[in-house]
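Close look at the chain arrangement
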Amino acid sequence: MPWRYIVSAGNQAVLGIEDYIHGFLADPEVKVIGVFLEGLRDAPAFHEAALAAAERGVPVVVLKGGVTAVGARLAMSHTSSLAGADAFYDALFRRVGVIRCATLPEFEETLKLVAVWGAKPGRRLVAFSSSGGDSRMAADFATQAGLELPQPTAEQTAAVLSELPPYGQVSNPLDFTAVMWGAREPLARAFTALMREGADKAVLVVDHPQQAEGVSPAVEAMIQAPEQASETTGVPGAVSSVNPESIPPAMRAR
């Protein structure tokens, strides 16, 4: 993750979360602000800071601790933070456009995604994989996350079919079949056709074979395909895995 600053606010005895948000907003290199929050000492000030971030186009992502009665008591004993009713925080975050996460992995991945993609609006997703199982899981996860999966138009279907083997089927998510594993140029053309119209985001679902180091040439070729399509269409793309532990360090660094 491309960190710019890491600050521990402690019990906010002098400076509060809102002060740091205003400070970060003065730096044009800051693209997203992540906050692990036990409680707010000054809700109106946080409200003002979050609105300032929204106006500047810098999303604020929050992982809130102390959401249960036991957690709230621990927050009070640890930093004297009043965790407060969780419904209050939900309402406040919705009002000011704060992105709330429930787990640390979700928090980290959301920060990384926004830092790379930016805060571009839109829920229409196109997904690609070489496996029917991966495609079905992508459909389930995307739908559960509130994303839309627009189905290809007749023109898009024809363009994609021209790149697939004769038994290929066109849908969103697209199962481009294992025969196309590592076929960069045909995949780039197929991805471009689906991303060119009706898509706000795109994701390639691919699991990596065991590698001592680096990325296999076939996976590298497949990763380059959505990169090429993104450059052509201007639609942000990402790579995901059903089994994230399979992603080698060299891929994570990208």
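Residues numbered from 1 in each chain as written. Predicted model: local features only at pLDDT ≥ 70, side-chain atom pairs only at ≥ 80, totals over all residues. Heavy atoms only, no water.

A short note on the pattern of salt bridges
Here is the rule: In what follows, salt bridge is the name for a side-chain nitrogen of Lys or Arg lying within 4 Å of a carboxyl oxygen of Asp or Glu. Helix and strand assignments come from DSSP, with helices taken as H or I runs of at least 4 residues and strands as E runs of at least 2, each series counted from the N terminus.
For the structure on display, the rule yields eight salt bridges. In this structure, the salt-bridge partner of R41 is E18, at a minimum N-O distance of 3.3 Å. Of this pair, R41 sits in the loop between β1 (33-37) and α2 (43-56) while E18 sits in helix α1 (residues 17-25), placing them 23 residues apart in sequence. For the salt bridge of E163 with R189, the shortest nitrogen-to-oxygen distance reads 2.9 Å. Placement of E163 in the loop between α7 (154-161) and β5 (174-175) and of R189 in helix α8 (residues 184-195) is noted, with a sequence separation of 26 residues between them.

Some details on the environment of A142
Here is the rule we go by: For every residue, the accessible area obtained with a 1.4 Å probe (protein chains only) is divided by the maximum for its type, and the residue is called buried under 20%, exposed over 50%, and partly exposed between those limits. We call two residues in contact when some of their heavy atoms are within 4.5 Å.
Examined against the element boundaries, A142 turns out to sit in helix α6 (residues 132-144). Residue classification places A142 among the buried positions, given a relative accessible area of 4%. For the pair formed by A142 and G16, sequence separation is 126 residues and the distance between their alpha carbons is 36 Å. Residue contacts for A142: discarding those within four places in its chain leaves L125, L147 and L149.

Points about the side chain of S135
Tracing the chain through its elements places S135 in helix α6. Owing to a relative accessible area of 8%, S135 belongs among the buried residues under this scheme. When neighbours within four sequence positions are excluded, S135 is seen to be in contact with S129, P173, L174 and D175.

Describing the sheet that holds strand β2 (residues 60-64)
Inclusion rule: Paired strands, in this sense, are two strands between which DSSP finds at least two bridges. Interaxial angle, 0 to 180 degrees, is taken between N-to-C directions of lines fitted to C-alpha atoms, where a helix line uses only the stretch in contact.
Taken in spatial order, the three strands line up as β1-β2-β3 in an open sheet, and their pairing is parallel. At either margin of the open sheet sits one strand with a lone partner, and together these are β1 and β3 (99-101). The sheet shows a mean angle of 25° between the axes of neighbouring strands, direction not considered. Where β2 and β3 come together, three bridges link them in parallel fashion. In the strand pairing of β3, V61 is matched with I99. Against the sheet, helix α5 (residues 104-117) touches β1, β2 and β3, its axis set at about 175° to β2.

What to know about the nonpolar core
Rule in force here: By nonpolar core we mean a set of buried residues, namely Ala, Val, Leu, Ile, Met, Phe, Trp, Tyr and Cys, connected to one another through side-chain atoms within 4.5 Å.
In this structure, F128, V160, L174, F176, F191 and M195 are the most contacted members of the largest nonpolar core, which totals 28 residues. When contributions to this core are tallied by element, the ones reaching two or more residues are β4 (125-129), α8, β6 (201-205) and α9 (217-233). Top element by residues in this core is α8. It accounts for seven residues. Within the second largest apolar cluster, 21 residues are counted, among which are I21, V35, A50 and L92.

As for the sheet that holds β6
The pairing of strands in a sheet happens through backbone hydrogen bonds and is either parallel or antiparallel. Spatial strand order, β5-β4-β6-β7: four strands in an open sheet with parallel pairing. Unpaired on one side and paired on the other, β5 and β7 (237-240) mark the two borders of the sheet. Here β4 runs beside β6; their pairing, made up of five bridges, is parallel. Across the sheet, residue V126 finds its bridge partner in β6, namely A202. Contacting β4, β5 and β6, α6 runs over the sheet at an angle of about 160° to β4. Sitting on the sheet, α8 touches β4, β5 and β6, and the angle it makes with β4 is about 160°.

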